[in-house]
Amino acid sequence: MVKRQRNNQRLCVQVVILTAIGVPLDSLAQDATIDRLLASQCSQCHGTNGYAVGDIDSLAGESAGEIREEMLEMQFERDPDDMMDHQALGYTDSQIRRIARYYASLPEDPGTRAPFIDLTAGSSRGDRDDEDTGDEDRDDDHEADEKDEDYREDYRYDSDDEDEQDEEDEEDEEDEEDEEDEEDEED
Amino acid sequence: MTISRRNLIRTTSGVAALSLIGKLSSQIDDRHHVVVVGGGFAGSTLARYLSLWGEQKFRITLIDPSSEHSSCVMSNLVLTNQIALSKLTFSHTPLADRFNFATRVGSVSEIKAGAKSVLLADGSELSYDTLVLATGIELDAIDGYDPARIPHAWIAGDSTELLRQQLNEELPAGGHVVMTIPEAPYRCPPGPYERACLLAAMARQITDANGGSGVNGSPTVTVLDANEDIQAEKATFTAAFEELYGDIIDYRRGVKITRIDSDNRTAYTTVGAFSGDVLNVIPNHQAPAILRNAGLVPTGDRWAPVDPVTYESALIGGIYVIGDAQATSQPKSAHMANAQAKVCADAIIRKTAGLATHASERINNLTTNSACFSPVNFNEAAWLTAVFRYNTASRLMELAPNSLGASEGWDRESYDDMYTWASNLFSDTFV
């Protein structure tokens, strides 16, 4: 209870400070399920909760600052020639922050995870020039047939960690502000 | 009479007690019952995410006429013998076991919206609190068209295998393939043009392997498009038709099918008759009869209108329609069906918890996206992508500015990326 009061006070102070320096209140929005829904739209390609299969970036456990920085880089690509250059343009900065916050809240190592489908392993794929596809490594890493009842725990967005997350967010906000300052200086 | 579980165990013998508890548990499972009709990309994702996010507050039953689903995604590569159909076929059982939901093999014959129940073809009735229809499409009947002999290969499964067999076993050197493209909107906008490219690649390969064009001349693929122009990736497919298959593909616009002679593999059209060694007819589509009969599709329309904030039917409350059967202007594709299912699952969770589905914070952050790859030959692919955002003024999902993008041509890297994309999409849906 004491801790919650302290958090509330801290939040009020944050709101005042951030409003004063022009950070939109939206970035402090607390409905984590909206972060989750936004982020889930990445998982068709980047895997459920950002645990990807094959040669594509996993997003889980990346720092929020890093995800946002990459998305902003893609948004400002002068000659967008990658699928993600276009995808990045579909999101506002506030939405990117929320997506980044969600993935940053998940552990990088998923622990025991769901089985998955790796179509890249053992399929006949036209005339391959490069034999080294890394398929064998993938098989070893993920043990496709493994089944574990508890793995859903790893997928669950744990709202009990909010206190911890607040602190992380605070750090991220600071990081991002620093980055913005740096960008401004470069400009 | 009240029976506590502890007393039951004390007073009955082991096996009998366990079986009784099992029965009691199912009887007293009064959680909100969500019935999902259809176990394709939309339905499987919905059940999966409702379980993942629903904190065990839902009892979920997935009904499908089959115990497994064959993916249309990548199924053109079954035709070219590059992927076995079995690799694209996913049983519902492991998914249901992992995500703690029930499955039922059966066909829904009637939706009783007033009574909140569905009737199955075997005569049984299943009641629901929330109904999600993820049925996919129904293909129109065409005079003389027998899908058992003339494959569409547009709902993956036996028809895909039939077209593969006909191509491999009945197409001679210098053979002639005829294919038809349905009127938009149809499932997978780039799909028919990808299909045309791969049919041409197969026809050339078969000709080269059987004495070359000197035997019967060059092979041909006649593409009869019901639309006035290429419907997706126009620059890519125009270039592919000309540069890769200029000697093979004969692309014709605005051709409507009037009748099919299934014995002689002939399509009768508004511009004459076309016969092929292989005939691939993809009829026009609409939302299946089960939706139309339930009053979910306005008279004269072909698709079920929904509120894209929830995917709840615009016509009957408590019934949700996701995937290809719904009427929003988002492309009809597996990737989009998965995207919509997540929005719908989140909406059902909110609604059941008494939370607003149309809260400004939610509708201002409502997005879906599309990404897809199209092989144009045996080892190169093109891609297409877009993000859709909810517009609070029009109340529609609209293309986010500048997010629509397509590859410049095709390459090997995209072909390899296609396998990674499909693996992740399948994993996020079926396992």
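Residues numbered from 1 in each chain as written. Chains lettered and ligands numbered in written order. Predicted model: local features only at pLDDT ≥ 70, side-chain atom pairs only at ≥ 80, totals over all residues. Heavy atoms only, no water.

## Digging into the domain arrangement of chain B
All names here are of chain B. Just so we agree on the cut-off: Domain limits in this description derive from either an automatic procedure or a database domain assignment. Contacts were defined at the residue level, with two residues in contact if any of their heavy atoms lie within 4.5 Å. Note on terms: buried area is the combined drop in 1.4 Å-probe accessible area of two parts once they are placed together, counting the loss on both. Basic side-chain nitrogens of Lys or Arg form a salt bridge, by our definition, when they fall within 4 Å of a carboxyl oxygen of Asp or Glu. Each polar contact in these results corresponds to two N or O atoms within 3.5 Å; when the atoms are within protein, one needs to be able to donate a hydrogen and the other to accept it, and residues that are neighboring in sequence are counted only if both atoms are side-chain atoms. The way it works is that DSSP assigns letters per residue, a run of H or I at least four long becomes a helix, a run of E at least two long becomes a strand, and they are numbered from the N terminus. Residues are sorted three ways: Asp, Glu, Lys and Arg are charged, Ala, Val, Leu, Ile, Met, Phe, Trp, Tyr, Cys and Pro are nonpolar, and all the rest, Gly among them, are polar.
Split by domain assignment, chain B resolves into domain 1 (5–136 + 287–430) and domain 2 (145–280). Taking only C-alpha atoms into account, the centre of domain 1 sits 31 Å from that of domain 2. Residue-level contacts link 29 residues of domain 1 with 33 residues of domain 2. Note on domain 1 versus domain 2: buried area summed over both sides is about 2500 Å², and carbon and sulfur give 64% of it. Inspection of the region where domain 1 meets domain 2 yields one salt bridge. Here aspartate 324 and arginine 187 are joined by a salt bridge, their closest N and O atoms 2.6 Å apart. Summed over the shared surface of domain 1 and domain 2, the result is eight residue pairs in polar contact (both at pLDDT 80 or more). Only α4 (76–79), β22 (367–375) and β23 (381–391) provide two or more residues apiece to the side of domain 1 that touches domain 2. In terms of residue class, the side of domain 1 that touches domain 2 is built from 16 nonpolar, 11 polar and two charged.

## Considering the nonpolar core
Put simply, the test is: What we call a nonpolar core is a set of buried Ala, Val, Leu, Ile, Met, Phe, Trp, Tyr and Cys residues that are connected through their side-chain atoms within 4.5 Å. Buried means the residue's accessible area, taken with a 1.4 Å probe over protein chains only, is under 20% of the maximum for its type, while exposed means over 50%, and partly exposed covers the values in between.
By size, the foremost hydrophobic cluster in this structure holds 130 residues, and its most contacted members are Met74, Ile111, Val118, Leu291, Trp421 and Phe426 of chain B. Of all the elements, helix α7 (residues 191–209) of chain B adds the most residues to this core, at 10 residues. Structurally, this core is a two-domain feature, drawing no fewer than three residues from each of domain 1 (5–136 + 287–430) and domain 2 (145–280) of chain B. Apart from residues lying up to four places away in sequence, methionine 74 of chain B is in contact with Leu119 of chain A together with Ile83, Leu88, Met418, Tyr419, Ala422 and Phe426 of chain B.

## Remarks on the packing of aromatic side chains
Residue and element names in this part refer to chain B. Under the convention used in this document: Two aromatic rings from Phe, Tyr or Trp, using only the six-membered ring of Trp, form a pair when their centres are within 6.5 Å; if the ring planes differ by under 30 degrees the pair is stacked, by over 60 it is edge-to-face, and anything between is tilted.
Enumeration according to the criterion identifies 13 aromatic pairs over all chains in this entry. Ring plane angle 15 degrees and centroid distance 4.7 Å describe the contact between phenylalanine 90 and phenylalanine 430, whose orientation is recorded as stacked. Of this pair, phenylalanine 90 sits in strand β4 (residues 89–91) while phenylalanine 430 sits in helix α13 (residues 412–430), and the two are 340 residues apart along the sequence. Accessibility classification places phenylalanine 90 together with phenylalanine 430 in one group, the buried group. On the numbers, 5.6 Å between centres and 55 degrees between planes, the contact of phenylalanine 373 with tryptophan 421 is tilted. One end of the pair, phenylalanine 373, is in strand β22; the other, tryptophan 421, is in helix α13, and 48 residues separate them in sequence.

## Side note on the side chain of aspartate 324 of chain B
Residues and elements named next belong to chain B. Along the polypeptide, aspartate 324 turns up in the loop between β21 (319–321) and α11 (334–352). A polar side-chain atom of aspartate 324 sits 3.5 Å from the main-chain amide nitrogen of serine 333. Every residue in contact with aspartate 324, bar those within four places of it in the chain, is listed here: Gly136, Ile137, Arg187, Trp303, Lys332 and Ser333.

## With respect to the interface of chain B and chain A
Contacts between the two partners involve 65 residues from chain B and, on the opposite side, 51 residues from chain A. Carbon and sulfur atoms make up 51% of the area that chain B and chain A hide from each other, which totals about 4800 Å². Summed over the shared surface of chain B and chain A, the number is two salt bridges. Salt-bridge contacts for arginine 98 of chain A lead to glutamate 361 of chain B; the nearest nitrogen and oxygen are separated by 2.7 Å. The set of elements that each furnish at least two residues to the side of chain B that touches chain A consists of α3 (41–53), α5 (92–98), α11, α12 (360–363), β22, β23 and α13 of chain B. When residues in the side of chain B that touches chain A are grouped by element, the largest group, 14 residues, is from α13 of chain B.

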